[in-house]
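Summary of structural features
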Amino acid sequence: MFGHFEQRAVEARRAVEGRERQVPLEAVKDLSRTVPGAIDARTAMRVADRAVTVIAEVRRSTATFADLSGAGDPGVLARFYAAGGAACICVVTGPTASYGSLRDLDDVRAAVDLPVLVNDIIVTPYQVHEARAHGADLVALDARLSPLVLEALVERTHSLGMTAVIKVRTRREALTAVELGSLVVAVDALDLQTLA
């Protein structure tokens, strides 16, 4: 029986298959080579005069708010976040549950010079190249993927000059993330069942 994550991964694969029929992988790879190089996000997040840096998120829905699409233009929000001191902007691009899109990523990339993190259910190398083609500097990956798939996605992300961020929920997942070469680990503390 599929869990919530597995179902979302299947949906992500289907969406990728549709996009790949329109723009083949080789074309996306070519596009990813035409954008400026990725910003070193780890350096940007290590600021000597700050004990804490913030990754601010642009998204159109959350677990607690079903629709934030009226919150404003993603680029404008990103500029507000940058003006407020954010070190990085996370853009949720998942179309199914979050109503996001690669257009949101384009808008944020055009609006700010900060590192930009793409946050979606990334399950294929196509999505990694797609993220780079749209200007992403970091890619959020999920530790619940099989270790072989996760390792391949981390390697692909790093080979394109981006930083892989592995989202973890348990100590074991965190250790796996480090073992697989992730340089940044994000701890997801939200219980999607209770929203605690």
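A brief look at the structure comes next. Small disclaimer: the values here were computed from a predicted structure and weren't measured. (Residues numbered from 1 in each chain as written. Predicted model: local features only at pLDDT ≥ 70, side-chain atom pairs only at ≥ 80, totals over all residues. Heavy atoms only, no water.)

Right, let's talk about a nonpolar patch on the surface for a bit. A cluster of nonpolar residues, Val178, Val185 and Val187, forms a patch on the protein surface that exposes about 270 Å² of accessible area. If you trace the backbone, valine 187 turns up in strand S6 (residues 184-187). (Patch = residues over 30% accessible without salt bridge, like charges linked within 9 Å, V, L, I, M, F, W, Y side chains within 5 Å. Areas by Shrake-Rupley, 256 points an atom, 1.4 Å probe, with all protein chains shown as cover. Salt bridge = Lys/Arg side-chain N within 4 Å of Asp/Glu carboxyl O. Helix = DSSP H or I, 4+ residues; strand = E, 2+ residues; numbered from the N terminus.)

Turning next to the nonpolar core. Buried together is how nonpolar side chains tend to be arranged in soluble globular proteins. Core analysis: the largest hydrophobic core is formed by 37 residues, its most contacted members being Ile89, Leu105, Val108, Val112, Val139, Leu141 and Ile166. If you tally residues by element for this core, the top one is helix H6 (residues 102-111), at four residues. Residues contacting valine 139, with those up to four places away along its chain left out, are Leu117, Val118, Ile122, Ala131, Thr157, Met162, Thr163, Ala164 and Val165. Of all hydrophobic cores here, the second largest spans 10 residues; its members include Met45, Cys88, Leu138 and Val184. (Core = buried A, V, L, I, M, F, W, Y, C linked by side-chain atoms within 4.5 Å. Buried < 20%, exposed > 50% of the residue type's maximum accessible area, 1.4 Å probe, protein only. Contact = heavy atoms within 4.5 Å.)

Spatially, the six strands line up as an open sheet ordered S1-S2-S3-S4-S5-S6, and their pairing is parallel. The strands lining the two open edges of the sheet, one partner per strand, are strand S1 (55-58) and S6. Shown here is a sheet whose adjacent strand axes are inclined to one another by a mean of 30°, direction ignored. Two strands pair when backbone bridges link them, and strand S5 (residues 163-168) and S6 are joined in this way by four bridges, in the parallel orientation. Bridged to lysine 167 within S6 is alanine 186. Packing of H6 onto the sheet brings it into contact with S1, strand S2 (88-92) and strand S3 (116-119), and relative to S2 it is tilted by some 165°. The strands that helix H8 (residues 147-159) touches are strand S4 (138-142) and S5; relative to S5, the one it contacts most, it runs at about 150°. (Pairing = 2+ DSSP bridges. Axes fitted to C-alpha atoms, helices over the stretch in contact; angles between N-to-C directions.)

Looking at the element boundaries, valine 76 is found in helix H4 (residues 74-83). For valine 76, a relative accessible area of 34% translates into the label partly exposed. Between the C-alpha atoms of valine 76 and valine 108, which are 32 residues apart in sequence, the distance is 7.9 Å.

Packing of helix H7 (residues 125-133) against H8 leaves a shortest axis separation of 10 Å and a crossing angle of 25°. One way to sum up the angle between H7 and H8 is to call them roughly parallel. Regarding H7 and H8, the two cross each other, and that crossing is right-handed. The residues of H8 that touch H7, namely those facing Pro125, Val128 and His129, are Leu153, Arg156 and Thr157. Looking at the contact of H7 with H8, its residues break down into three nonpolar, two polar and one charged. (Parallel < 35°, antiparallel > 145°, perpendicular 65-115°, else oblique. Left-handed = near helix turned anticlockwise from the far one by under 90°. Nonpolar A, V, L, I, M, F, W, Y, C, P; charged D, E, K, R; others polar.)

Turning to the environment of aspartate 107, a few remarks are in order. By the secondary structure assignment, aspartate 107 is in helix H6. For aspartate 107 and histidine 134, which are 27 residues apart along the polypeptide, the C-alpha to C-alpha distance reads 9.6 Å. If we skip the residues at most four places from it in the chain, aspartate 107 touches Asp73, Pro74 and Gly75.

What follows concerns helix H2 (residues 25-32). Where H2 is concerned, the buried positions are Val28, Lys29 and Ser32. Axial view of H2: buried residues confined to an arc of 105°, hence all on one face. (Arc of directions from axis to C-beta.)

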